[in-house]
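# Reading the structure
Single-letter residue listing:
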Amino acid sequence: MTVVTPGERLGLAGEFFASNGTVEVGDHIYASIVGTVTTTKSTTSGELDTIQVIPTKKTMKSSIPEVSSIVTGKVLRVNPRMATLSIMVVGDQPCADNFQGIIRVQDVRATERDKIQIYNCFRPGDIVRAEVISLGDSRSYYLSTAKNELGVILATSVAGHTMIPISWEEMVCPKTKAVENRKCAKPVAIGESSTQ
Amino acid sequence: MVVLPGDIVPIPESEQTVRVGPGLRQDVANIVVAKAGILKQSVTGDRVWVEGNQRRYVPQLNESVIGIVTAKHVEGFRVDIGGAHPATLGALAFEGATKRNKPNLEIGALVFARVCLANKDMDPELDCVNPSNGKADGFGEVKGGFMFKCSLGLCRSLLDPKNPFLQHLGAICPFEMAVGMNGRVWVDAGTPKQIIVLVKALLGSEAVPYSKARTYVKEFKSDLTSVE
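Since we're looking at a predicted model, the values are computed, not measured.

Here is what the cut-offs are and how they apply
Residues numbered from 1 in each chain as written. Chains lettered and ligands numbered in written order. Predicted model: local features only at pLDDT ≥ 70, side-chain atom pairs only at ≥ 80, totals over all residues. Heavy atoms only, no water. Helix = DSSP H or I, 4+ residues; strand = E, 2+ residues; numbered from the N terminus. Rg over C-alpha atoms; globule rule 2.2 N^0.38 Å. Buried < 20%, exposed > 50% of the residue type's maximum accessible area, 1.4 Å probe, protein only. Contact = heavy atoms within 4.5 Å. Areas by Shrake-Rupley, 256 points an atom, 1.4 Å probe, with all protein chains shown as cover. Lys, Arg positive; Asp, Glu negative; His and termini not counted. Charge placed at Lys NZ, Arg CZ, Asp CG, Glu CD. Pairing = 2+ DSSP bridges. Phe/Tyr/Trp six-rings, centres within 6.5 Å; stacked < 30°, edge-to-face > 60°. UniProt positions renumbered as here; feature names shortened; annotations may be inferred. Domains from an automatic or database assignment. Buried area = accessible area lost by both parts, 1.4 Å probe. Salt bridge = Lys/Arg side-chain N within 4 Å of Asp/Glu carboxyl O. Polar contact = N/O pair within 3.5 Å; in protein donor to acceptor, adjacent residues only side chain to side chain. Core = buried A, V, L, I, M, F, W, Y, C linked by side-chain atoms within 4.5 Å.

### Some details on the overall build of chain A
- Looking only at helices and strands, chain A has 0 helices and 16 strands in total.
- In terms of C-alpha radius of gyration, chain A reaches 21 Å, well past the compact-globule figure of 16 Å for 196 residues.
- In terms of its C-alpha atoms, chain A occupies a principal-axis envelope of roughly 65 × 30 × 30 Å.
- In chain A, which comprises 196 residues, the proportion classed as buried is 38%.
- Considering only contacts in chain A between residues 6 or more positions apart, those separated by 24 or more positions represent 48%.
- Here chain A has roughly 11300 Å² of accessible surface; of this, 52% comes from carbon and sulfur atoms.
- Computed over 21 positive and 20 negative side-chain charges, the inter-centroid distance for chain A is 9 Å.

### Here's the deal with the sheet that holds strand β2 (residues 8–9) of chain B
All names here are of chain B.
- If you walk across this open sheet you meet the 3 strands as β2-β5-β4, and the pairing is antiparallel. Since the sheet does not close on itself, it has two edges, and those belong to β2 and β4 (24–27), each with one partner.
- Relative to strand β5 (residues 30–33), β4 runs antiparallel, the two being bridged by 4 bridges. By the bridge assignment for β5, D27 is matched with N30.

### Let's talk about the packing of aromatic side chains
Residues and elements named next belong to chain B.
- Overall, the coordinates contain 5 aromatic pairs over all chains when judged by the stated rule.
- Residues F112 and F139 carry aromatic rings whose centres are separated by 5.4 Å and whose planes lie at 25° to one another, so their mutual orientation is stacked. With F112 in strand β11 (residues 110–119) and F139 in the loop between β12 (122–127) and β13 (140–142), the pair connects residues that are 27 residues apart, well separated along the chain.
- With a relative accessible area of 15%, F139 lands in the buried category.
- Taken together, a centroid distance of 5.7 Å and an interplanar angle of 85° make the contact between F165 and Y216 edge-to-face. Of this pair, F165 sits in helix α2 (residues 164–172) while Y216 sits in helix α4 (residues 213–218), and the two are 51 residues apart along the sequence. For the pair F165 and Y216, one class covers both residues: buried.

### A short note on the UniProt feature "domain: K Homology" (unreviewed entry) in chain B
- Those places that UniProt annotates as "domain: K Homology" (unreviewed entry) correspond, in this numbering, to residues 145–193 of chain B.
- Taken as a whole, residues 145–193 of chain B contains 37% helix and 33% strand, while its terminal C-alpha atoms sit 11 Å from one another.

### Comments concerning the domain arrangement of chain B
- We note that the domain assignment places domain 1 (2–51), domain 2 (64–142) and domain 3 (146–225) within chain B.
- For domain 1 of chain B versus domain 3 of chain B, the distance between C-alpha centres works out to 32 Å.

### Quick look at the interface of chain B and chain A
- In this complex, chain B contributes 8 residues to the contact, which on the side of chain A involves 12 residues.
- Between chain B and chain A, roughly 780 Å² of surface is buried when both sides are summed, and carbon and sulfur atoms account for 65% of that area.
- On the chain B side of the interface with chain A, the three residues burying the most area are V28, D121 and M122 of chain B, jointly 57% of the side's total.
- Put simply, chain B and chain A have 0 salt bridges between them.
- Along the contact surface separating chain B from chain A lie 1 residue pair in polar contact (both at pLDDT 80 or more).
- When contributions to the side of chain B that touches chain A are tallied by element, the ones reaching two or more residues are β11 and β12 of chain B.

### A word on the nonpolar core
- Ranked by size, the top nonpolar core spans 29 residues in total, and within it V78, F122, V128 and L143 of chain A carry the most contacts.
- Only β8 (70–79), β9 (82–90), β10 (93–104), β11 (127–134) and β12 (141–144) of chain A provide two or more residues apiece to this core.
- Looking at which element gives the most residues to this core, the answer is β9 of chain A, with 4 residues.
- Other than its neighbours up to four places away in sequence, F122 of chain A contacts V75, V78, A83, I103, V108, V128, T145, V152, R182 and K183 of chain A.
- Listed in part, the 27 residues of the second largest apolar core include F77, V79, L89 and A113 of chain B.

### Topic: the domain arrangement of chain A
- Assigned domains of chain A: these are domain 1 (3–55) and domain 2 (70–181).
- Once you take the C-alpha centre of each, domain 1 of chain A and domain 2 of chain A turn out to be 38 Å apart.

### A look at the UniProt feature "domain: Exosome complex exonuclease Rrp40 N-terminal" (unreviewed entry) in chain B
- UniProt feature "domain: Exosome complex exonuclease Rrp40 N-terminal" (unreviewed entry): in the numbering of this structure it lies at residues 18–56 of chain B.
- Taken end to end, residues 18–56 of chain B is 0% helix and 51% strand, and its two terminal C-alpha atoms sit 28 Å from one another.

### Side note on the UniProt feature "domain: S1 motif" (unreviewed entry) in chain A
- The positions UniProt marks with the feature "domain: S1 motif" (unreviewed entry) are residues 68–147 of chain A.
- Annotation note: span residues 68–147 of chain A, helix share 0%, strand share 54%, distance between end C-alpha atoms 12 Å.

### Digging into the pattern of salt bridges
- Scanning all chains against the criterion turns up 14 salt bridges over all chains.
- Here R109 of chain A ties to E112 of chain A by a salt bridge, and the two come within 3.7 Å at their closest N and O atoms.
- Given a relative accessible area of 49%, E112 of chain A falls into the partly exposed group.
- Linking D127 of chain B and R114 of chain B is a salt bridge whose minimum nitrogen-to-oxygen distance equals 3.0 Å. Placement of the pair is D127 of chain B in strand β12 and R114 of chain B in strand β11, with a sequence separation of 13 residues.
- On the accessibility criterion, D127 of chain B (12% relative accessible area) is buried.

### A few points about α2 of chain B
Residues and elements named next belong to chain B.
- Within α2, the full set of buried residues consists of P164, F165, L166, H168 and L169.
- Contacts from the buried residues of α2 go to α1 (152–158), β15 (175–180), α3 (192–204), α4 and α5 (221–225).
- Near the N-terminus of α2, the side chain that reaches the backbone nitrogen of F165, with its oxygen 2.9 Å away, is that of N163.

Listed below in structure tokens is the structure:
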């Protein structure tokens, strides 16, 4: 098992198909992360074998949001047209560095999209589960919470306590009994995977 | 009873629900004072609030305010209402406004508007319609006259229908007034001299109790009715 470092030349571009952890520059394939090189024989004849670098440390297994992947992030700010998120986890893999995502007001839910008051759906500091709908512009990914299992999964009330969802649109603070409006995600039972 | 921030308000044990008003905050089991002022309670005892006086305005939903237009955009105007953040007034938030027929407010114009969105995380938003019937009902651009700034307590007392200063001043000299809850009041009268005298009278009325209103207003009578 050879351990490689970023920049090491692994092979020719024509010989292998460059997979995770590698990058094809010009005629050669180079490693882009620290890890062990593995080659996998292709299943269909005529196709190239895959070469990839498997990271040695678990922390190096960072993930990048792709279209239709489920991401979890924290709301940074809201304005009447959108909510801005800092994407921290893709699937169940944390990101090495936080990405920025936007949930536009028409992507918050599937019904009555024009009557949304963004302040009744998200507030700064909420943890939200969303789906990537587009790679977006240079600044942020475009996200959507227009499904039952997407939305706010953790929020703190004005009194500082973690709130409990009581309906699709409301959460209650257990200590002060104050109700606040959020676009709640369907709670997942313990043992079920959230990505199912 | 004068209260200071941090004081705990004793709420007597009773069956009725007590509504906690401005200036107070709930801290799990206690009601704690958040602003300095006088603690007031409704006659039936179901509402408690603090009446304080300050000059800095904090936008609240459904309050009428007077703003100054500072910028014009395609989708609306940026308006200064004296709070921490500038407010936005949508171009379509007027009676009878359509994409083709938008209001033409200049930078520096005065607008009497209603706060339609106010919370601690976003910039406040205004509109110039009465939400129940969609009509202007006095909201919109305010032309002429003069606007002065005062404390929030004076604005609230000027909105009191039983305010004797307004009745006595109006009997001497007719005038038009728009009171913004953000510490701004607009006055218009026949001549500029009358406007200035009225402004002085209204500003000074803050320190005078209602019982002495008549004698206080008498001092301004000669200035308001003089011809030159």
